[in-house]
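Examining the three-dimensional arrangement
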Amino acid sequence: MKKYILTGTLAALLTLGGLSVPALAGPEDVVVENAWSRASIGMNRPGAAYMTIRNTSDEPVTLIGLTTPLAMMPEIHETKTNAEGVSSMSPAGEIVIAPGESIALEPGGLHAMLMRLQEPMTEGDTFPLTLLFDDGGEVTVEVPILGIAARGPED
Amino acid sequence: MRRRAILGYGAAVVGAVALMLFVGWWRVDGPGAPAPVGQLTVALTEMDFRLTDHEGNVVGPEALIGRPTMAFFGFTYCPDVCPTTLSDISGWLDDLGDEADEMNVVFITVDPERDTVETMAEYVGYFHPAIRGWTGPEEQIARVADGFRATYVRVPTESGDYTMNHTASVFLFAASGRFVTMIDYHEPREFAVPKIRRALEEETEGAT
């Protein structure tokens, strides 16, 4: 009988431990740096945002999606250019970031594609962009809007 | 019995050879051939098309002869590659300074349905003032792409819109219209700028 209780307690402890160890990917585990985006012309065209996402925890984190009040359909897309020089773009799906590693969303590669803008992206403004992780964790970053011809976060 | 087996083998061999020949044809000359590989962009003097620039002028390849040319394809609804290419080019032109004044710089849309003359005018206005925007009827755009050995294809997106896959390289021509070289998408400035200088230098070579 004792043994069972002990086991039960252990199980409960383990369950609790199991819940708390892989802490929700949150601001303490994921660091977003150098976020920037380009101003849009009107609202008909999709926008794009760029940043570096670093996993500072010791567990892999999986980025599964985005939300922002700025766009109805924000999605991580990837631009690929083949040997013939033809560029194409497609949804990148889930992105796993290994512990201690970072991924770069940058022109010509991964980018946050902002489809169905709700308002124009105006140079000098910022907008909140929330990264969603598979464990339910979220990180929100304020993305500065630079000029249409901006080439990087410093422009 | 033995004869039938031999016949069977013979038929199999003939079949296999025929299949190999067919596959070879399909991949080299047939519909499965990788379109532009090995085929070089033709000279501007050999091209024939009519487009409209962002100021409403009728333009064709002859408008580019006499000055070195930098030309590339894109569309204004392109969120990533095209603004990046246009900003890269703006940066190269800034690096070249006065030399850039000697060049034609042309952005040709592969999405004439959405990129009207007015749209092109607004879009190029955000980049280096040397950049001209050309648009025109779909069949004329197809002729341009054919001469350049460039490709483009319309692809639907989940949002119900469409995007364009297209050749993202920048094409360089000498003042004579001769094709010089290409700058790959997002090629670093230290490689791109010397390539442009080469096209600029070809101008004097072409004149002799």
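Just so it is clear, the model here is predicted, and its values are computed rather than measured.

Reading the values: the criteria
- Position labels on residues start from 1 in each chain and follow its written sequence.
- Following the order in which they are written, the chains are lettered starting with A and the ligands numbered starting with 1.
- At least 70 in pLDDT is required for a residue's local features to be given in this predicted model, at least 80 for side-chain atom pairs to be given and counted, and no such filter applies to totals for whole chains, interfaces and linings, which use all residues.
- Processing note: side-chain calculations cover all non-hydrogen atoms of the structure and skip hydrogens and water entirely.
- Pairs were defined over the aromatic rings of Phe, Tyr and Trp, the Trp ring being its six-membered one, requiring ring centres within 6.5 Å. Orientation was assigned from the angle between planes: stacked under 30 degrees, edge-to-face over 60, tilted for the rest.
- We count a stretch as a helix when DSSP gives it H or I for four or more residues in a row; a strand needs E for two or more, and each element gets its number in order from the N terminus.
- In this scheme, a residue with accessible area under 20% of its type's maximum is buried, one over 50% is exposed, and one in between is partly exposed, where area comes from a 1.4 Å probe on protein chains only.
- Only heavy atoms matter for contacts: two residues are in contact if any of them lie within 4.5 Å across the pair.
- By definition, the buried area sums, over both parts, the 1.4 Å-probe accessible area that each loses when the two are put together.
- By definition, a salt bridge exists where a carboxyl oxygen of Asp or Glu is found within 4 Å of a side-chain nitrogen of Lys or Arg.
- Side-chain atoms alone can form a polar contact between residues adjacent in sequence; in general such a contact is a pair of N or O atoms within 3.5 Å, and within protein one must be able to donate a hydrogen while the other accepts it.
- When DSSP finds two or more bridges between a pair of strands, those strands are recorded as paired.
- Think of a nonpolar core as a cluster: buried Ala, Val, Leu, Ile, Met, Phe, Trp, Tyr and Cys residues, connected wherever their side-chain atoms sit within 4.5 Å.
- Like charges are joined within 9 Å and nonpolar side chains (Val, Leu, Ile, Met, Phe, Trp, Tyr) within 5 Å, but only among residues with over 30% relative accessible area and no salt bridge; these make up the patches.
- A 1.4 Å probe and the Shrake-Rupley method give the accessible areas. Residues count as covered only by the protein chains that appear here.
- Helix axes are fitted to C-alpha atoms over the stretch in contact, other axes to C-alpha atoms as well, and angles between N-to-C directions run from 0 to 180 degrees.
- Two cysteine sulfur atoms make up a disulfide if the distance between them is within 2.5 Å.
- Working note: the arc is built from the helix axis to C-beta atom directions.
- Each residue carries a pLDDT value, the predictor's own confidence for that position, ranging from 0 to 100.

Moving on, we come to the packing of aromatic side chains. Residues and elements named next belong to chain B. Counted under the stated rule, the structure contains eleven aromatic pairs over all chains. With a centroid separation of 5.0 Å and 90° between ring planes, the pair formed by Phe148 and Phe171 is classed as edge-to-face. Here the residue Phe148 occupies a position in helix α4 (residues 138–148), and Phe171 occupies one in strand β8 (residues 170–173), the gap between them amounting to 23 residues. The two residues Phe148 and Phe171 agree in class, both being buried.

Across the contact, 32 residues belong to chain A and 32 residues belong to chain B. Considering only the side of chain A, the residues that lose the most area to chain B are A:Ile41, A:Arg45 and A:Arg151, jointly responsible for 25% of the buried surface there. Where chain A packs against chain B, one counts zero salt bridges. The interface formed by chain A and chain B contains eleven residue pairs in polar contact (both at pLDDT 80 or more). Of all the secondary-structure elements, those providing two or more residues to the side of chain A that touches chain B are β2 (47–55), β4 (71–81), β5 (86–91) and β8 (110–117) of chain A.

On to the pairing of strand β1 (residues 30–38) of chain A. Residue and element names in this part refer to chain A. Here six bridges tie β1 to β2, and the two strands are oriented antiparallel to one another. Looking at the pairing, Val31 lines up with Arg54 of β2. The pairing of β1 with strand β10 (residues 138–146) spans two bridges and is parallel. In the sheet register, Ser37 faces β10, and the bridge partner there is Ile145.

Turning our eyes to something else, we now look at the nonpolar core. Among the nonpolar cores identified, the biggest contains 88 residues, and A:Met51, A:Ile53, A:Leu129, B:Met70, B:Ile131 and B:Phe148 are the most heavily contacted of them. Considering every element that reaches this core, the biggest residue donor is helix α2 (residues 81–96) of chain B, with seven residues.

Moving on: a nonpolar patch on the surface. On the surface, B:Val13, B:Val17 and B:Leu21 cluster together into a nonpolar patch covering about 280 Å² of accessible area. Inspection of the secondary structure puts B:Val13 in helix α1 (residues 2–28).

Another point: the sheet that holds β8(B). All names here are of chain B. A sheet is described by the order of its strands in space; here seven strands give the open sequence β2-β1-β5-β4-β3-β8-β9, paired in mixed fashion. With partners counted over all chains shown, the strands left at the sheet margins are β2 (58–59) and β9 (179–183), one partner each. Pairing analysis gives four bridges linking β8 to β9, with the strands arranged antiparallel. Residue pairing in the sheet places Phe171 in a bridge with Met182 of β9. Of the strands in this sheet, β1 (51–53), β4 (104–109) and β5 (131–135) touch helix α3 (residues 117–124), which is tilted by about 160° from β5.

Here the focus is the side chain of B:Thr181. Residue position: B:Thr181 is located in strand β9. Setting aside anything within four residues of it in sequence, one finds B:Thr181 in contact with B:Val170, B:Phe171, B:Leu172, B:Lys195 and B:Arg198.

Attention now goes to the environment of A:Leu131. All names here are of chain A. Along the chain, Leu131 falls in strand β9 (residues 126–133). Between the C-alpha atom of Leu131 and that of Ile53, which follows or precedes it by 78 residues, the distance is 9.6 Å. For Leu131, the contacting residues outside a window of four places in its chain are Val32, Met51, Ile53, Leu63, Gly65, Leu66, Gly137, Glu138 and Val139.

A few words on the state of the cysteines. All names here are of chain B. This model, assessed by the stated rule, comprises one disulfide over all chains. A sulfur-sulfur separation of 2.4 Å characterises the disulfide bridge that pairs Cys78 with Cys82. Here the S-S torsion is close to 95°, and the disulfide linking Cys78 with Cys82 is therefore right-handed. Its relative accessible area of 7% is what places Cys78 among the buried residues. A residue is classified by how much of its surface remains accessible, and Cys82, at 3% relative accessible area, is buried.

Turning to unusual backbone geometry, a few remarks are in order. Residues and elements named next belong to chain A. Phi at Asn34 is positive, roughly 50°, even though this residue is not glycine. Within the element layout of this structure, Asn34 appears in strand β1. A positive phi angle, close to 55°, is found at Arg116, a residue other than glycine. Along the chain, Arg116 turns up in strand β8.

In this section: α3(B). Along an α-helix, a turn takes 3.6 residues, which lines up residues three or four apart on a common side. All of the buried residues along α3(B) are B:Thr119, B:Met120, B:Tyr123 and B:Val124. Viewed along the axis of α3(B), the buried residues span an arc of 120°, placing them on a single side of the element.

Looking at chain A as a whole, the pLDDT averages 85, with 82% of positions reaching at least 70. Note on residues 1–22 of chain A: pLDDT under 50 across the span, and zero contacts to partners over four residues away in sequence or across chains.

The next thing to look at is the pairing of β9(A). Walk down a regular strand and you will see the side chains alternate between the two sheet faces. Residues and elements named next belong to chain A. Taken together, the four bridges between strand β3 (residues 61–67) and β9 define a ladder with antiparallel strand orientation. Paired with Leu63 across the two strands is Phe133, which belongs to β9. The pairing of β9 with β10 spans seven bridges and is antiparallel. Paired with Pro128 across the bridge in β10 is Glu142. Between β9 and β10, which pair antiparallel in sequence order, lie four residues; one of them, Gly136, sits at a positive phi of approximately 95°.

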